[in-house]
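# Report on the structure
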Amino acid sequence: VTLTPDAVLALAPDEASVHAATAMATPRRWVTLGADEAAVWGEIRGGDLYRVAVLIGEPAFRCTCPSPKKPCKHALALLLAWARAPGAFAPGVPPAWLVEWAEQRAKPARAARAGESSVVDPRAQQRRAAEREARIAGGLEDLDRWLRDLIRQGLAAVQGRGYDLWDAPAARLVDAQAPGVARRLRALAAVAASGTGWPERLLERLGLVFLLVEAYRRQAQLPEDLRADVRSLVGWTVGQDELVAGPGVADRWLVLGERVEEDERYKSQRLWLVGLHGKRPALLLSFGPPGTYFDRSLRPGTILDGELVFFPGATPIRALVKTRNHVEPATGEPPGHATILEAQADYAAALARNPWLDEHPVVLRAVVPQRLRDGWVLRDATDRFVPLARRYGDEKRLAAVAGGRPITAFGEWNGHAILPLAAFVEGRHVAL
Amino acid sequence: MSPSELGARLAALVKVALVGTDRQPLPAGGPLERLHREGDPEGSLLAEAAALALAERAARLPPRADTAAPTPAPEEKRPRCKPGAVRLLVGFLVDGEHELIAEWLALAARAGVRADETTLPELLDHGRSRVELRAAIAAVLGERGPWLAREIGDAGWSWAIAAPAPDAWATGTRAERLALLAATRGADPARGRELVESTFDEDAVEERAAFVAALALGLSDADEPFLEERARVDRRKEVRTAAATLLARLPGSRFAARMAERARAHVHLDAGEIKPPHAFDPDFAADGIEASAPRGEGARAFWLRQIVAAAPLAMWGAPAEALAAARRTDWAELLIGAWAVASARQRDAAWAEAILGVTLDLPDLLAVLPPERGEALVDRALRAGADADLIAHLRHPWSEPFSRSVLRAVRGPGLHLAAPRLHPTVVAELVAQGEPDATLERRASMHKELSS
């Protein structure tokens, strides 16, 4: 395995880590340094003597320092020092603490947790599930009544009411253990205040919430895939351990782009992938409290050779990594649509399978960014165009990268606009 | 159902939903009537609206542009800099490390590489406020930078547009006109001044002041008549001040002669007699002398200080003797301060060095000295135990011997003052020794990534 210093620094969670790691990546700063074919390790004095190790192939990081960052500056510095001057590392046998950690990692996490769940009484579990079903049914019943009241009294009354109007029924749904519906309801406050055309947008969203309530009630009549979508939208989660145990889809998965979002409640990371062979899109979704550092071992512009396993659904896209053979830098361009019309047809087909589809990944080949009268767009060879999402703020960078020539653009498409996340220009991946 | 029928039906439903089904019944007969349920107008409305909105979203035809596609940027002639260099520059721009940015630009130009396209907007923004860096930035923008500035049409980027059209002077925005003036003035100062003169009577006050100030580039005695006869007597104070600032840099100007005459009337160095003006002469204002003193300074002293600062230094004879004479009077501080201002304005290195030989309280004067003279002076001062902060005023890239002298004088926490300007050879040595300083690390990487 060869790793360039650049590739190492690309794993840093933030700019401060880059600086700190660069300063520490000198052999002189380390008390011990060692390496074999699979791992590098070392000890460095910080607030304490920290033990640091990196499994190079994945890479996986381990450090005894208290930093919440993954990887921390010590682990980065260790790998960076190795990438710069592997000669400074004494070849040898890994120390006991590293062997122990590597073994713990190799042990499938699910096996450990499966051991715990065997203690759980399956009857108690069933009873809890039945209780939750009853609570959800009650919550959705109340929501149904509330929605009808709203339509009976007229949406005009909504204007100027602010967030309270939506927060009360949303809180009721959280109590009823249907957090997915609560989230949808809370999002309506912004729609109601979104300016010209708000009544139509609001009615559309209310209609979709109503549709979800109806679908949940009649889930027994739905095809299995769509029923999985409906249950997940309401708030049921699928056991990830169970899922990972299922069959995986092997491919060379190109990491197209990343979107990290943070608000006062939680932080999320979306990594969009596409299988270079099977052309199948995938989404690796991670959640955490605000301030979370997400795994940075998969970066946009790299290829994961391995297996993904997909969450069930009518348009299965959310996935987990099941096996990871290796990660390598990407070359070439991803599969995509030659025209915007073709991409729109693909979106319509997905919408027909899952009407609650939010964000749909789309790769457009040969589009040019351009500013038209009403704002920035991507324009294809047939002169059709899609507007860029209004919250996208990097139009000038996008224009600079393209230089008025056709590029391959990747982004999230919502039926109205595209949020660009990456471009492929002359074989080069550029995060946007 | 055609898209227009679909839209019309949805609009009808929105109307009902707005006023409420209590007041307006759900219109019957829609093509999706099978979604309706007897006795449930609210549910029927919501179900039909959801279906219609979905259909509309799925069936939407992407619109067609009726304008021409953008003009492609010309092919690049230089290679792009290495990814490591890109990341360093992004870090410098984010952190506002102006000296490191300037060094990066110089190294990239020397290596014959261009900046990565992704950094062009930030670089163009950087040049918006940092006029002195524009030439260095322009050298690494490649073909894409000027293309982008023209394509985006942001006035703050107009300086990057190669060769502004000559007719921009009559029709352009202020930024475009300033870009044209700077370009013209650099190549042909007289032609540049003629541009300013050609529209001076029609231009607004902000333009007049900015254009006069822009004549600082390539300033010579040839500009004196315009500055003296038109700009100095402008209706607006901003313009008069800009003109006076430039005239004070021209020792051969009529302005300087008037200031010399005033200075002679109030300062008799040989006799050690200094008598500030008793009253604010009405002519003072016309030469940009301010009447009201800042708090803490007497008005008469304030007037005298301005006069001496604007008078040609040559009138005082040899700097060493003049300084010695001044120090025998009670006015030493005022005179030396005013001469320091005059040295900077008139770019008089001999005077600046003489003043620094007397006092290190005015370290800004180091910028007036040629680099090697400044280094020699600071080196002596450091050896004599001067405060290490002095090195912060030597803003050029330091020579290797001087860098080593500085290292002997500043140690530990003082290193961060020196880190941005130490000679690259010394930087590489320090980093190899494992000196934990982020600036040194970054400079060492920068020299490596941008080596030609």
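Anyway, here's the lowdown on the structure attached to this text.

By the definition in use, this model includes 11 aromatic pairs over all chains. Geometrically, the ring pair formed by Phe-280 of chain B and Phe-284 of chain B is edge-to-face, given 5.3 Å between the ring centres and 90° between the ring planes. On the accessibility criterion, Phe-280 of chain B (25% relative accessible area) is partly exposed. Taken together, Phe-280, Phe-284 and Trp-303 of chain B form an aromatic cluster joined through their ring pairs. Directly above the ring of Trp-157 of chain B sits Lys-396 of chain A, whose terminal nitrogen or CZ lies 4.8 Å from the centroid.

The subject of this paragraph is the sheet that holds strand E12 (residues 375-379) of chain A. All names here are of chain A. On the basis of which strands lie adjacent, the open sheet formed by six strands has the order E13-E12-E11-E14-E15-E16 and antiparallel pairing. Every interior strand has two partners, whereas the edge strands, strand E13 (385-387) and strand E16 (428-431), have only one. Sheet twist, expressed as the average angle between the axes of neighbouring strands with direction ignored, equals 45°. Strand direction decides the pairing type here: strand E11 (residues 360-372) and E12, joined by five bridges, are antiparallel. Counted as the bridge partner of Arg-371 is Trp-376 from E12. Across the sheet, helix H12 (residues 340-353) lies against E11, E12, E13 and strand E14 (407-413), angled at about 140° from E11, the strand it touches most.

Residue and element names in this part refer to chain B. If you trace the backbone, Arg-232 turns up in the loop between helix H12 (224-231) and helix H13 (237-247). A residue is classified by how much of its surface remains accessible, and Arg-232, at 12% relative accessible area, is buried. If we ignore the near neighbours within four places in the chain, the residues touching Arg-232 are Leu-227, Arg-240, Ala-243, Leu-247, Phe-255, Arg-258, Ala-286 and Asp-287.

The next point concerns the sheet that holds strand E8 (residues 281-288) of chain A. Residues and elements named next belong to chain A. In spatial order, the strands read E8-E7-E6-E9-E10; together these five strands make up an open sheet with antiparallel pairing. Two strands close off the open sheet at either side, each with one partner strand: E8 and strand E10 (319-329). Across the sheet, the mean angle from the axis of one strand to that of its neighbour is 35°, orientation sign disregarded. One ladder, built from nine bridges, connects strand E6 (residues 249-262) with strand E7 (residues 267-275); its direction is antiparallel. Residue pairing in the sheet places Leu-254 in a bridge with Val-274 of E7.

Following both chains from N to C, one finds helix H13 (residues 395-402) of chain A and helix H7 (residues 144-152) of chain B inclined at 135°, their axes separated by 10 Å at the closest point. On the basis of the axis angle, H13 of chain A is oblique to H7 of chain B. Crossing of H13 of chain A over H7 of chain B shows right-handed handedness. Contacts between H13 of chain A and H7 of chain B pair Lys-396, Ala-399, Ala-400, Val-401 and Ala-402 of chain A from the former with Arg-144, Trp-147, Leu-148 and Ile-152 of chain B from the latter. Residues of the contact of H13 of chain A with H7 of chain B, tallied by class, amount to seven nonpolar, no polar and two charged.

Quick look at the packing of helix H7 (residues 164-175) of chain A against helix H8 (residues 179-192) of chain A now. Residue and element names in this part refer to chain A. Interaxial distance between H7 and H8 falls to 8 Å at its minimum, and their mutual angle equals 170°. Looking at the two axes, H7 sits roughly antiparallel to H8. Residues Trp-166, Asp-167, Pro-169, Ala-170, Ala-171, Leu-173 and Val-174 of H7 form the contact with H8, whose participating residues are Pro-179, Val-181, Ala-182, Leu-185, Arg-186, Leu-188, Ala-189 and Ala-192. Class assignment of the residues belonging to the contact of H7 with H8 gives a composition of 13 nonpolar, no polar and two charged.

It is worth spelling out the side chain of Thr-408 of chain A at this point. Residues and elements named next belong to chain A. As for its position among the elements, Thr-408 is in strand E14. With relative accessibility at 3%, the residue Thr-408 sits in the buried group. One polar contact links Thr-408 to Glu-333, side chain to side chain, over a distance of 2.5 Å. In contact with Thr-408, other than residues within four places in its own chain, are Glu-333, Pro-334, Val-363, Leu-364, Arg-365, Ala-366, Ala-422, Ala-423 and Phe-424.

A few words on helix H24 (residues 438-449) of chain B. If you check H24 of chain B, its first and last C-alpha atoms are 16 Å apart, about what 12 residues at 1.5 Å a residue would give, namely 16 Å. Every buried residue of H24 of chain B is listed here: Thr-439, Leu-440, Glu-441, Arg-442, Arg-443, Ser-445, Met-446 and Glu-449 of chain B.

Before going further, it helps to spend a moment on the environment of Ala-50 of chain B. Among the secondary structure elements, Ala-50 of chain B is positioned in helix H2 (residues 41-59). With 289 residues separating them in the primary sequence, Ala-50 of chain B and Trp-339 of chain B have C-alpha atoms 80 Å apart. Ignoring sequence-local partners within four residues, the contact set of Ala-50 of chain B consists of Gly-207, Leu-208 and Leu-211 of chain A.

Conventions we followed
- Residues numbered from 1 in each chain as written.
- Chains lettered and ligands numbered in written order.
- Predicted model: local features only at pLDDT ≥ 70, side-chain atom pairs only at ≥ 80, totals over all residues.
- Heavy atoms only, no water.
- Phe/Tyr/Trp six-rings, centres within 6.5 Å; stacked < 30°, edge-to-face > 60°.
- Buried < 20%, exposed > 50% of the residue type's maximum accessible area, 1.4 Å probe, protein only.
- Lys NZ or Arg CZ within 6 Å of the ring centre and 35° of its normal.
- Pairing = 2+ DSSP bridges.
- Helix = DSSP H or I, 4+ residues; strand = E, 2+ residues; numbered from the N terminus.
- Axes fitted to C-alpha atoms, helices over the stretch in contact; angles between N-to-C directions.
- Contact = heavy atoms within 4.5 Å.
- Parallel < 35°, antiparallel > 145°, perpendicular 65-115°, else oblique.
- Left-handed = near helix turned anticlockwise from the far one by under 90°.
- Nonpolar A, V, L, I, M, F, W, Y, C, P; charged D, E, K, R; others polar.
- Polar contact = N/O pair within 3.5 Å; in protein donor to acceptor, adjacent residues only side chain to side chain.
- Expected span 1.5 Å × (residues − 1).

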